[in-house]
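# Analysis of the macromolecular model
Each chain, written out:
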Amino acid sequence: MSDNSKCDNHVLHKSRRKVLKSLAAGIGLIALPGKEASASVWEEFFQKHFRELSKDELKQVITRLEKKYSQQFGKQVNVKATPPIEGVKYGYGLDLSRCIGCRRCVYACVGENNQSRDPQIHWIRVMQLDKEKGVDLSHAEHYYNPATVPEKGHFYMPVQCQQCEKPPCTKVCPVQATWKENDGIVVVDYNWCIGCRYCMAACPYGARHFNWGKPGLPAKDVNTNTHYLGNRPRPKGVVEKCTFCIQRTREQPGRYPACEEICPVGARKFGNLLDPESEIRYLIENKRVFIFKEELNTQPKFFYFYAT
Amino acid sequence: MKNIWHFFTGTLVLVSKGSKAYYGWVLILLTLMAIGATAYVQQMNEGLIITSMRDQVSWGFYISNFTFLVGVAAAAVLLVIPAYVYHWKPIKEIAVLGELLAVSAIVMCLLFVTADLGHPERFWHLIPKIGRLNFPQSLLAWDVVVLNTYLALNLTIAVYILYSLYYKRTPNKSFTTPLLLLSIPSAISIHTVTAFLYNGLGARPFWNSSILVPRFLASAFCSGPAFMIIIFFLVRKYTKFRIDDKAIQKVAELIAYAMFVNLLLLGAELFKEYYTASAHLAPVQYLFQGLHGHSALVPWIWTAMVFNITAFFLFLVPDTRRNNVTLMIACILVFVGVYIEKGMGLVIPGFIPDVLHEIYEYSPTGVELLISMGIWATGLFVFTMLLRVAIPILNGDFHVADDGVGSFIGDQLFLVQQGPEDVAKPVDFGDEYAD
């Protein structure tokens, strides 16, 4: 509440000059862009939906974006559009009996995926739960902050996009700016999203995040290995989410998602659900597995399990 | 074609004329609109971070206003049905005002949704063929379709009738009747679809209840007509337009029934949640009692409850319903009550607690309030302009001049307090039109 009133004051007592300045800037925004800047602005405005781009058009778009980001951050940023691999459907396993709640995955994800540092956007949320109560969210502590973890009597449950087989978020998008790819990853076209946030209302896992302000991403922190549908720098006013590190996992040879790689206790597992020999398949078949909010029939490809 | 142009230029001349009160009112609205526009420019520059919406509560004041106004718009149907299905004359004379209110309300709805978008300039992504409207999967796509259909229908009907009367013709029934009949299911559809938009989300137990659509409709049939009655009183007091008490009484009676159904459905909802007392009770508790010490909405929802119940009795008891003062009070109570209940009271508890049971309390920032005020002013401005044209036409004070080109303007003032002797008799197009 105090934050809000601070914000009110900030807004209402803004000097007249500043208001006029922003008015002028706004009119500038609305007005037709000048001749020099115009080409790329118009190109961006009229850019087609990702899935309607021809090969050549996609190339042009990627060239334009690479140029834009490289200028913006003062270093070469690469944008890929690697398609799904045939015969692959990604699945994720998380061992609740191992997770210690250190949040290394949260920050590894931020580093890998170019999330805004200010305001902070996290694709992974770790909840501290009571062992006595089990997975009872009404007693979850989201902002636990002790000197050391794990704390006695507690266990930890990281939540990120569950990459549902029946994603409620893609169904509701009024412009098809988000969809499930053939390898099961739910992606967003940041150049197509209108920012209505209906998907955020529809997601039962809080996995979708909105760029409320201009993303604050310092040039030194930029991961230059990016994917169009994943970790490329985002504009303000669009929704973003976990993509199982699409820029890593779709490569051949593939790499593990950043959260999987960093986990100090090996609580995170990742693999191909269509490969009967994969570790993830072994876990599903041999461990005690549960999926989050099963009753909603979203059919996550994210499996919580207890290995011990 | 020429006629349309002459009609159009005639209306422009007409709206530029008026009493000091009219100019003052319009000036106030334009000022509020300018303030709202300035705030919106600021929001465009800095992003929606300037609101207090966050990931936990991702829709707020804008969408609350939108939801409420869809109800107001849908309620025009309560005038259309008695007027054109039952050919009840006292309401037929005023049904056009209902259609114009619907138009203004939809304009506000569209503006509120636009204000809520992160990228409003990408609106063309919603246009079928050019963009990629996700129809029929997304209920928001449905809403885009039905809202625009409803807007087009009401605008066409009202403008066509007014245009015909301006040229002293009887509106062609074979043109208006199908459109009017279509506008009835269309009115119901905008509110049903808007309710479905929330209703279909399994992630949000507060909205995921099958009673939501009937609740939406019942409350819409309270708030919209209540607003209509307030407008009728004002129009009757400040313009030369005559509105029959019988019409107002009929509308008031309808509100009493609608409010009864609304309260009944609310009671059913509350019983189910509290008696079951499952985990899904949390948002209801947040709304009515507060949850874990967070209770921002509690005083509001109880205000709404008291207002709605008081208004229900004022509408129900014949003496208070027939008394213009108590009737006016009841209308204001209903309007405010439903504004709270179907606005913030419906949208915000959908997000509190959020899907991972975090509690983030939301209350709109100054910019959100200013932009919303600007949008309300825009809606009232549109409505004022429409009435400025419609009322003189219906009164026979604005029509084509004898030369067939220019226009005759009999009402230079528009907004003046009326004594009983000033009251004009409206153009009688009801009878021959009815048969």
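Conventions used here
Residues numbered from 1 in each chain as written. Chains lettered and ligands numbered in written order. Predicted model: local features only at pLDDT ≥ 70, side-chain atom pairs only at ≥ 80, totals over all residues. Helix = DSSP H or I, 4+ residues; strand = E, 2+ residues; numbered from the N terminus. Buried ≥ 20, exposed ≤ 12 C-beta atoms within 10 Å, placed from the backbone. Contact = placed C-beta atoms within 7 Å. Rg over C-alpha atoms; globule rule 2.2 N^0.38 Å. Axes fitted to C-alpha atoms, helices over the stretch in contact; angles between N-to-C directions. Left-handed = near helix turned anticlockwise from the far one by under 90°. Nonpolar A, V, L, I, M, F, W, Y, C, P; charged D, E, K, R; others polar. pLDDT = per-residue confidence, 0-100. Parallel < 35°, antiparallel > 145°, perpendicular 65-115°, else oblique. Core = buried A, V, L, I, M, F, W, Y, C linked by C-beta atoms within 7 Å. Pairing = 2+ DSSP bridges.

For chain A, the helix and strand inventory stands at ten helices and twelve strands. Put simply, chain A has 308 residues, and 42% of those count as buried. When contacts within chain A are restricted to residue pairs at least 6 apart in sequence, those whose partners lie at least 24 apart make up 65%.

Let's shift gears to the overall build of chain B. A tally of regular secondary structure across chain B gives 17 helices and two strands. In terms of overall size, chain B behaves like a compact globule, its C-alpha atoms giving a radius of gyration of 22 Å where 435 residues would be expected to give roughly 22 Å. The principal-axis extent of the C-alpha atoms belonging to chain B is close to 70 × 50 × 40 Å. Within chain B, the proportion of its 435 residues that are buried is 49%. Sequence separation of at least 24 residues holds for 78% of the intrachain contacts in chain B that already meet a minimum separation of 6.

With that settled, consider the environment of Lys2(B). In this fold, Lys2(B) is placed in helix H1 (residues 2-15). Separated by 403 residues in sequence, Lys2(B) and Val405(B) place their C-alpha atoms 9.1 Å apart.

In this section: the packing of helix H6 (residues 95-116) of chain B against helix H7 (residues 139-166) of chain B. Residues and elements named next belong to chain B. In contact at an axis separation of 9 Å, H6 and H7 are set at 145 degrees when each is read in the N-to-C sense. Here H6 runs over H7; the crossing is left-handed. Residues Val 96, Glu 99, Leu 100, Ala 102, Val 103, Ile 106, Cys 109 and Leu 110 of H6 pack against Leu 147, Tyr 150, Leu 151, Asn 154, Leu 155, Ile 157, Ala 158, Ile 161 and Leu 162 of H7. Of the residues assigned to the contact of H6 with H7, the class counts are 15 nonpolar, one polar and one charged.

The next point concerns the interface of chain B and chain A. Residue-level contacts link 47 residues of chain B with 51 residues of chain A. Elements supplying a minimum of two residues to the side of chain B that touches chain A: helix H2 (20-46), H7 and helix H16 (366-395) of chain B. The element contributing the most residues to the side of chain B that touches chain A is H2(B), with six residues. Among the residues forming the side of chain B that touches chain A, the class breakdown is 20 nonpolar, 18 polar and nine charged.

Should pLDDT be low for a region, the predicted coordinates there are not to be read in detail. Residue and element names in this part refer to chain B. On average, residues of chain B carry a pLDDT of 92, and 96% of them reach 70 or more. Here residues 429-435 scores under 50 on pLDDT; set against residues more than four positions off or in separate chains, the count is ten contacts. The ipTM value of the predicted complex is 0.92, and its pTM value is 0.92.

All names here are of chain B. Following both chains from N to C, one finds helix H9 (residues 212-238) and helix H10 (residues 245-276) inclined at 150 degrees, their axes separated by 8 Å at the closest point. Here H9 lies roughly antiparallel to H10, going by the angle between them. The two elements H9 and H10 cross, and the hand of that crossing is left-handed. Residue-level inspection shows Pro 214, Arg 215, Ala 218, Ser 219, Phe 221, Cys 222, Pro 225, Ala 226, Met 228, Ile 229 and Phe 232 of H9 in contact with H10, the latter providing Ile 248, Val 251, Ala 252, Leu 254, Ile 255, Ala 258, Met 259, Val 261, Asn 262, Leu 265 and Leu 266. Counted by class, the contact of H9 with H10 contains 19 nonpolar, two polar and one charged residues.

Residue and element names in this part refer to chain B. Judged by nonpolar contacts, the single largest core of 208 residues is most densely connected at Ala 73, Cys 109, Val 334 and Ala 390. Counting residues per element, this core draws most heavily on H7, which supplies 17 residues. Sequence-distant contacts of Cys 109, defined by excluding residues within four places in its chain, comprise Phe 66, Leu 69, Val 70, Ala 73 and Leu 147.

In this section: the sheet that holds strand E12 (residues 302-306) of chain A. Residue and element names in this part refer to chain A. An order of E10-E2-E12-E11 is seen for the four strands of this open sheet, with the pairing classed as mixed. Bordering the open sheet on either side are strand E10 (268-272) and strand E11 (288-290), each of which pairs with just one other strand. Across this sheet, the average inter-strand angle for adjacent strands is 30 degrees, counted without regard to direction. As paired strands, strand E2 (residues 90-95) and E12 are joined by four bridges and run parallel to one another. Bridge assignment links Leu 94 to a residue of E12, and that residue is Tyr 304. Along the sheet face, helix H10 (residues 279-286) touches E2, E10, E11 and E12 and points at about 110 degrees away from the line of E10.

A separate point is unusual backbone geometry. In this structure, the amide linkage connecting Gln252(A) to the following residue, Pro253(A), adopts the cis form with an omega of 0 degrees. Note that the residue after Ile352(B), namely Pro353(B), is joined by a cis bond; omega there is -5 degrees. Along the chain, Pro353(B) turns up in the loop between helix H15 (344-347) and H16. A positive phi angle, near 55 degrees, is found at Asn297(A), a position not held by glycine. Tracing the backbone shows Asn297(A) in the loop between E11 and E12. Of the residues examined, Asn297(A) has 11 C-beta atoms within 10 Å and is grouped as exposed. The backbone phi angle of Phe414(B) is positive, close to 70 degrees, even though this residue is not glycine. Note on placement: Phe414(B) falls in the loop between strand E2 (407-409) and helix H17 (430-434). With 24 C-beta atoms packed within 10 Å, Phe414(B) lands in the buried category.

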